[in-house]
Amino acid sequence: QYQEEIQELNEVARHRPRSTLVMGIQQENRQIRELQQENKELRTSLEEHQSALELIMSKYREQMFRLLMASKKDDPGIIMKLKEQHSKV
């Protein structure tokens with residue numbers, strides 16, 4: 001079946017002028033390059049967003065830790081548990 005499909009495609013290609021095939025390939029190459037560039041930009045943007053989110057979450061955890069430390073000064077068990085959780089993060 002694969003060989004039949006290849007033969008069909010080759011037959012269709014033979015009926016089209018070579019210049020048309022070359023132009024089609026060039027257009028596909030341009031589209032591929034544009035998609036690769038867009039992919040690169042999206043990847044960079046995603047990395048920046050992840051970095052920003054990590055920073056925000058780190059600051060949030062730090063503030064929550066300080067808040068809990070201030071409100072639970074009398075309970076050393078909770079303080080130790082919070083310190084353990086903070087060090088894991």
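Calculation criteria
Just so you know, the residues in each chain are numbered from 1, in the order the chain's sequence is written. Reporting in this predicted model follows two pLDDT cut-offs: at least 70 for local features of residues, and 80 or more for side-chain atom pairs to be given and counted; totals over whole chains, interfaces and linings ignore these cut-offs and use all residues. Hydrogens and water molecules were not included; the side-chain quantities draw on all heavy atoms of the structure. The term salt bridge refers to a pairing of a side-chain nitrogen on Lys or Arg with a carboxyl oxygen on Asp or Glu at a separation within 4 Å. Think of it this way: any DSSP run of H or I at least four residues long counts as a helix, any run of E at least two long counts as a strand, and we number them from the N terminus. A score from 0 to 100, pLDDT tells how confident the predictor is in each residue. UniProt positions are given in the numbering used here, feature names are shortened, and annotations may be inferred rather than shown by experiment.

(A) Here's a closer look at the pattern of salt bridges. Counting across every chain of the model gives 1 salt bridge. With a closest N to O distance of 2.8 Å, Arg66 and Glu62 form a salt bridge. Placement of the pair is Arg66 and Glu62 together in helix α2 (residues 18–71), with a separation of 4 residues, close to one helical turn.

(B) Examining the confidence of the model for the chain more closely. For the chain, per-residue confidence averages 83 on the pLDDT scale, and residues scoring 70 or more make up 75% of the total. Ranking the helices and strands of the chain by mean pLDDT puts α2 first, with 90, and helix α3 (residues 76–88) last, with 67.

(C) Molecular detail of the UniProt feature "coiled-coil region" (unreviewed entry) in the chain. Those places that UniProt annotates as "coiled-coil region" (unreviewed entry) correspond, in this numbering, to residues 25–59. Its end C-alpha atoms 51 Å apart, residues 25–59 is made of 100% helix and 0% strand.

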